[in-house]
2 protein chains.
Amino acid sequence: MDFRLLFSTFQADPAHAKWSQQRQLHECLRRSIRDGTLTGGTRLPASRTLANELGMARNTALYAYEQLATEGFLVASRRGSVVASIVSLQTPATAPGAGLSLRSGLSRRARTLPALPNFDMPGAFAPGVPSLGDFPVTLWRRLLDRAWRSLKPAQLNYADPRGEHALRTAIADHLRVARGALTDSEQVFITDGTQNSLDLCARAFADAGDKVWLENPGYQGAVAAFGGAKLKPIGILVDAQGMAPTANDWLRHRPRLIYVTPSHQYPVGSVLSLERRLALIDHARRAGALIIEDDYDSEFRHEGPPLSCMQGLAADAPVIYLGTFSKTLFPALRIGFMVVPACLAPSLAQLLARTAPRGRQADQLALAEFIRSGQFSLHLRRMRRLYRQRRDALVAELEAQLCDVADVHGSTAGMHLALRLKDHALDDVRMSARLLDRGIAAPALSQHAVGLRTQPWRGFLLGYAQVPVDKMGSLVKQLAHVIRSEAAA
Amino acid sequence: MDFRLLFSTFQADPAHAKWSQQRQLHECLRRSIRDGTLTGGTRLPASRTLANELGMARNTALYAYEQLATEGFLVASRRGSVVASIVSLQTPATAPGAGLSLRSGLSRRARTLPALPNFDMPGAFAPGVPSLGDFPVTLWRRLLDRAWRSLKPAQLNYADPRGEHALRTAIADHLRVARGALTDSEQVFITDGTQNSLDLCARAFADAGDKVWLENPGYQGAVAAFGGAKLKPIGILVDAQGMAPTANDWLRHRPRLIYVTPSHQYPVGSVLSLERRLALIDHARRAGALIIEDDYDSEFRHEGPPLSCMQGLAADAPVIYLGTFSKTLFPALRIGFMVVPACLAPSLAQLLARTAPRGRQADQLALAEFIRSGQFSLHLRRMRRLYRQRRDALVAELEAQLCDVADVHGSTAGMHLALRLKDHALDDVRMSARLLDRGIAAPALSQHAVGLRTQPWRGFLLGYAQVPVDKMGSLVKQLAHVIRSEAAA
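Not measured: the values here are computed from a predicted model.

About the cut-offs
Residues numbered from 1 in each chain as written. Chains lettered and ligands numbered in written order. Predicted model: local features only at pLDDT ≥ 70, side-chain atom pairs only at ≥ 80, totals over all residues. Heavy atoms only, no water. Helix = DSSP H or I, 4+ residues; strand = E, 2+ residues; numbered from the N terminus. Rg over C-alpha atoms; globule rule 2.2 N^0.38 Å. Buried < 20%, exposed > 50% of the residue type's maximum accessible area, 1.4 Å probe, protein only. Contact = heavy atoms within 4.5 Å. Areas by Shrake-Rupley, 256 points an atom, 1.4 Å probe, with all protein chains shown as cover. Lys, Arg positive; Asp, Glu negative; His and termini not counted. Charge placed at Lys NZ, Arg CZ, Asp CG, Glu CD. Least-squares fit on C-alpha atoms with pLDDT ≥ 70 in both. Axes fitted to C-alpha atoms, helices over the stretch in contact; angles between N-to-C directions. Parallel < 35°, antiparallel > 145°, perpendicular 65-115°, else oblique. Left-handed = near helix turned anticlockwise from the far one by under 90°. Nonpolar A, V, L, I, M, F, W, Y, C, P; charged D, E, K, R; others polar. Salt bridge = Lys/Arg side-chain N within 4 Å of Asp/Glu carboxyl O. Polar contact = N/O pair within 3.5 Å; in protein donor to acceptor, adjacent residues only side chain to side chain. Pairing = 2+ DSSP bridges. Arc of directions from axis to C-beta. Phe/Tyr/Trp six-rings, centres within 6.5 Å; stacked < 30°, edge-to-face > 60°. Lys NZ or Arg CZ within 6 Å of the ring centre and 35° of its normal. pLDDT = per-residue confidence, 0-100.

Visitor: What should I look at first to understand the overall build of chain A in this one?
Guide: Looking only at helices and strands, one finds 17 helices and 13 strands in chain A. Against the compact-globule benchmark of 23 Å for 489 residues, chain A has a radius of gyration of 30 Å, which places it well outside the compact range. Residue burial in chain A is summarised as follows: out of 489 residues, 60% are buried. Sequence separation of at least 24 residues holds for 73% of the intrachain contacts in chain A that already meet a minimum separation of 6. Summed over all atoms, the accessible surface of chain A reaches about 18,200 Å², with 54% contributed by carbon and sulfur. A gap of 5 Å separates the mean positions of the 59 positive and 44 negative side-chain charges of chain A.

Okay, structure coming up:
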């Protein structure tokens, strides 16, 4: 066996160039044993001999031998290091991964999922991103450290799958006052965020093939979650009053789940009117359907009185209320919650205990304290003021520079508005791509179509929460330039 | 309208007894408006008048009116507070939740999920629980706080869906040295733990109806994850060498996924021999199947040399390697990882970007530093020593007190062993329940059957990682008592 040849051949592979000599030798020998080049029973030269032969330090060879021995490839015997007798594994001559090529890549269901808005979407106007620089990180760090100091060793174990009681109570209290919700802590379940909540709803409360209503245009994250659970999505058109199901929809597409964003429809920003809220609850109850009320952005109401959440409109409303702290605190927190009807809470608790190990007690306790101490409401008030200023500045610029070609929609609440193009023939997707080149992240409304039906909205989603007032003018100017040049073409 | 009667009737409901007077009045009026008792246009008495009538402070009535107004139920006019004209919502006379009764509770797929070992299972011998009191919490708090201080505001946003690069690099480096893995950081994906990893594998790499092989007896958490994704579970019997598929299994039950726990089979603790590892890879490659190698407990090898992980046995092994920090650090951390074949990494990254928002940058950076700084290896060494002592003590007690009725299996690695009853007629499930009454959490082996086939293991899972040496004697004594009295019966 010419080890010089064996080793130099191995080293010749550029893939191994960056490795340490020891790793090269170890891997070279291991591979030779695996592929049968070095057969069971073969005696290897003493480490010193091999080291001399290959011109390396003795320890390098010694360590390689030791690691091979601990892995079971070499047996130390009186005769020295001997190759263990193992089934040799013929590595096929094909390229790495060829073994998978047959069925490589993703499953069909994974390939058919729609794209989410890119989470690390850079640049101005990226929707759903709060003003991160304004979050009181120092205070948060203090609360976190206090929570960690308070933990008993047992609290390093798995946690209550429903979430920490202190946090569930704080959320229930907050929702009763701030959102008119009818709930106590027993109905509150902590999740890893809205995506996780949607996932749970889809799998806990619906079966493959069940119909789920979504707003059209609507939130693609919900489409992805329900699609992943093999539900049948039905797009219900949205107007200025929010989701507008027809009698025919109720008749021909009887839903199991109804996903709705009443406080600030995503993406177009309509607010679901009280009449429609009551009607939807009424119909859903008769149809035996569950409404999933994603109340995101409800904390930021810029005009008019806040409407009570749907969950609070009737003591037995068939509503699952979803909330998240991604927008009110920061996305990286990954904590959201669901409020389920009292009659469903016990069975959901059982399901979670069986499938969803929970932990992160310190994070949950810190958040509970953040809410209880009033810091949460304080932060909301500050952000409400800030976002409203930024919204006013953006709306003013849009009306000054673009009122002839586009209308502003859904600016009464939340962190984003919809800029709707008057000319529906314009290609908002292409414009969105051109804007991204300029560092402006303005998703196209036409990319938010849900279900088979198309939707009549053309334009852009503009998130203003993280855009300073003094930047609005120049950003809208670029926006206007792209729109007008597209219109001219 | 007699508000005294209306209010006293509402107050009479014990469900409202604990509420503040203001919340009682607010909810009473809101409900009356919703159910049409107070019709649109009705003028309410001035808050002072109502307060006198109901014998409460004026502010109580005032606040109730204000909240109803902000919710859109009352309109302030010259005539005073007037009920808004809304579709009245007839609350059915039936009990709360009746609206859901038709199809209340969980979906079929949710109801058919198997039970996981109870996460908050109390008491001695609970498997999978590390020695929580020995985790260096103070050090962890310091690393966490340092990570938080290092964060830029942008890092409060959504994170790289694959996980933080620093952590993925630290894990890849650790796995290459400690487990003989062939990976770089590009193949590593951070997850919320093994349950989340299994969920991802099932949905990303298999479609509904695909066959998945599981060890029998096996880990019920995997059964739940694959069941939730509608895969078809095939139980492959396990012997002292680990999973032992027959030629017939390969022929008649060609798998898409193969889930295996090679380092310490769950629950019986066998170590998959090198021959079987190589054979499994070889067969899987030919069958176009993906092996999911759950390498849990590999860090705690008490006897014999550690075997290299399967992922490292061949450059193009069709293996997805799963690891978790729940056992090596603490369960509440909720951080695990997967290592996928290089050829699958890009498509998985895309899928995650579309479906799984990630965050928790600080936690990830703290963990990366914990590993890089060598504290992780140090902690592993300390726990290895501790767990080995506890294992020795448990094994000694079991052999001293129970060798005539039961054999010890799978004690060469990990944090638990399997106590196998010689008399297969004994009801280990009933005994397990009796033990739990005494505060001993010893899951029955017969409850770990997978698929339709039964499995020949009767006995108990005994987790010793969190049981002090001096407690073993008395605990085994209770165990012996329960077994012998059951045998006598």
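Visitor: Can you walk me through the side chain of Thr261 of chain B in this structure?
Guide: Mapped onto the secondary structure, Thr261 of chain B falls in the loop between β7 (257–260) and α12 (274–287). Sequence-distant contacts of Thr261 of chain B, defined by excluding residues within four places in its chain, comprise Glu215, Tyr266, Asp294 and Tyr296 of chain B.

Visitor: I tried to follow the relation of the copies chain B and chain A on my own but got confused; where do I start?
Guide: Put simply, the second copy of the chain is the first one after a rotation about an axis and a shift along it. At an RMSD of 0.0 Å, chain B and chain A line up after a rotation of 180° and a shift of 0.0 Å along the axis. Here the transformation between the copies is reduced to the relation of a two-fold axis. Comparing interface residues between copies, 99% of those in chain B also sit at the interface in chain A, which points to an isologous, same-surface contact.

Visitor: Help me out: how do you make sense of the packing of helix α7 (residues 137–150) of chain B against helix α14 (residues 361–372) of chain B in this one?
Guide: The packing of two helices is summarised by the inter-axis angle and the distance between the axes. Residue and element names in this part refer to chain B. Relative to each other, α7 and α14 sit at 125°, their axes nearing to 8 Å. Taken together, the axes of α7 and α14 lie oblique to each other. The handedness of the crossing between α7 and α14 is right-handed. Residues Leu139, Trp140, Leu143, Leu144, Ala147, Trp148 and Ser150 of α7 pack against Ala362, Asp363, Leu365, Ala366, Leu367, Glu369 and Phe370 of α14. Residues of the contact of α7 with α14, tallied by class, amount to eleven nonpolar, one polar and two charged.

Visitor: How do you make sense of the interface of chain B and chain A when you look at a structure like this?
Guide: Size of an interface: often given as the accessible area lost when the parts come together. At the interface, 116 residues of chain B touch 116 residues of chain A. At the boundary of chain B with chain A, the tally comes to six salt bridges. With its nearest N and O atoms 3.6 Å apart, the salt bridge here joins Arg108 of chain A to Asp207 of chain B. Counting across the interface, chain B meets chain A through 20 residue pairs in polar contact (both at pLDDT 80 or more). Along the lines of polarity and charge, the residues of the side of chain B that touches chain A split into 61 nonpolar, 25 polar and 30 charged.

Visitor: Please explain the pairing of strand β9 (residues 319–324) of chain B as it appears in this structure.
Guide: A regular strand places its side chains so that they alternate between the two faces of the sheet. All names here are of chain B. The buried count for β9 comes to six of six residues, which makes it a mostly enclosed element. Residues Val319, Tyr321 and Gly323 of β9 are buried on one face, and the alternating residues Ile320, Leu322 and Thr324, pointing to the opposite face, are buried as well. Two elements, strand β8 (residues 290–294) and β9, share four bridges in a ladder whose sense is parallel. Bridge pairing in β9 places Ile291 opposite Val319. By the bridge criterion, four bridges tie β9 to strand β10 (residues 336–339) in an arrangement that is antiparallel.

Visitor: How do you make sense of the pattern of salt bridges when you look at a structure like this?
Guide: Opposite charge on two side chains permits them to pair, given that their charged atoms come into close proximity. Within this structure, the stated rule accounts for 51 salt bridges over all chains. Between Glu369 of chain B and Arg372 of chain B there is a salt bridge whose closest N-O contact spans 2.8 Å. With a gap of three residues between them, Glu369 of chain B and Arg372 of chain B both fall in helix α14, about one helical turn apart. Of the residues examined, Glu369 of chain B reaches a relative accessible area of 25% and is grouped as partly exposed. Taken together, the salt bridges that share partners define one network made up of Asp160, Arg162, Arg168 and Glu186 of chain A.

Visitor: Just to check I follow, could you spell out helix α3 (residues 47–54) of chain B for this structure?
Guide: Residues that lie three or four places apart on an α-helix share one face, since the helix turns once every 3.6 residues. All names here are of chain B. Among the residues of α3, Ser47, Leu50, Ala51 and Leu54 are the ones counted as buried. The buried side chains of α3 occupy one side of the element, clustering within an arc of 100° when seen end-on. For α3, the secondary structure elements touched by its buried residues are α1 (3–12), α2 (21–34) and α4 (58–70). Positive phi appears at Gly55, one or two residues downstream of α3, with a value of about 65°.

Visitor: Mind showing me how you'd approach the sheet that holds strand β3 (residues 188–191) of chain A here?
Guide: What holds strands together in a sheet is hydrogen bonding between their backbones, with the strands either parallel or antiparallel. Residue and element names in this part refer to chain A. Spatial strand order, β3-β10-β9-β8-β7-β4-β5-β6: eight strands in an open sheet with mixed pairing. If you trace the sheet from one side to the other, it starts and ends with β3 and β6 (242–243), each paired once. Sheet analysis places strand β4 (residues 211–216) next to strand β7 (residues 257–260), joined by two bridges and oriented parallel. Looking at β7, one finds that Trp213 is bridged to Ile258. Each of β3, β7, β8 (290–294), β9 (319–324) and β10 (336–339) is contacted by helix α9 (residues 194–205), which is oriented at about 160° to β9, the strand it contacts most. Here helix α12 (residues 274–287) sits on the sheet in contact with β5 (232–239), β6, β7, β8 and β9, set at roughly 150° to β8.

Visitor: I would appreciate a short explanation of the packing of aromatic side chains in the present structure.
Guide: Where two aromatic rings form a pair, the distance of their centres and the angle of their planes describe that pair. Per the counting criterion, the structure on display carries 32 aromatic pairs over all chains. Here Phe325 of chain A and Phe337 of chain A contribute two aromatic rings whose centre-to-centre distance is 5.6 Å and whose plane-to-plane angle is 50°, an arrangement assigned as tilted. Of this pair, Phe325 of chain A sits in the loop between β9 and β10 while Phe337 of chain A sits in strand β10, and the two are twelve residues apart along the sequence. Note on Phe325 of chain A: relative accessible area 3%, which makes it buried. Ring geometry for Trp140 of chain B versus Phe330 of chain B: centroids 6.1 Å apart, planes at 80°, classification edge-to-face. One end of the pair, Trp140 of chain B, is in helix α7; the other, Phe330 of chain B, is in the loop between β9 and β10, with 190 residues separating them in the sequence. Each member of the pair, Trp140 of chain B as well as Phe330 of chain B, carries the same accessibility label: buried. Each residue in the set Phe135, Trp140, Tyr321, Phe325, Phe330, Phe337, Phe370 and Phe376 of chain A together with Trp148 of chain B is aromatic and connected to the rest through ring pairs, giving one cluster. Lying over the aromatic face of Trp19 of chain A, Arg23 of chain A brings its terminal NZ or CZ to 3.7 Å of the ring centre.

Visitor: Sorry, what's going on with the environment of Met338 of chain B here?
Guide: With respect to the helices, strands and loops of the structure, Met338 of chain B is situated in strand β10. Discounting chain neighbours no more than four positions away, the residues touching Met338 of chain B are Gln187, Val188, Phe189, Thr191, Ser197, Leu200, Cys201, Ile320, Tyr321, Leu322 and Leu348 of chain B.

Visitor: What's the story with the sheet that holds strand β13 (residues 459–463) of chain A in this structure? I'm lost.
Guide: Residue and element names in this part refer to chain A. Here we have three strands laid out as an open sheet, ordered β11-β12-β13, and antiparallel in their pairing. Each end of this open sheet is capped by a strand with a single partner; those strands are β11 (406–409) and β13. Strand-to-strand twist of the sheet, defined as the mean angle between neighbouring strand axes without regard to direction, takes the value 25°. As paired elements, β11 and strand β12 (residues 416–421) share four bridges and run antiparallel to each other. Bridging across to β12, Val408 finds its partner in Leu419. Along the sheet, helix α15 (residues 375–402) makes contact with β11, β12 and β13, crossing β12 at roughly 10°.

Visitor: Looking at this model, I keep getting lost on the confidence of the model for chain A. Mind explaining?
Guide: Atomic detail in the predicted coordinates should be set aside for any region of low pLDDT. Residues and elements named next belong to chain A. When pLDDT is averaged across chain A, the result is 88; 93% of the residues are at 70 or more. Overall, residues 116–121 carries pLDDT values under 50, and its contacts beyond four positions in sequence, including any with other chains, amount to eleven contacts. Predicted as a complex, the structure gets a pTM of 0.83 and an ipTM equal to 0.82.

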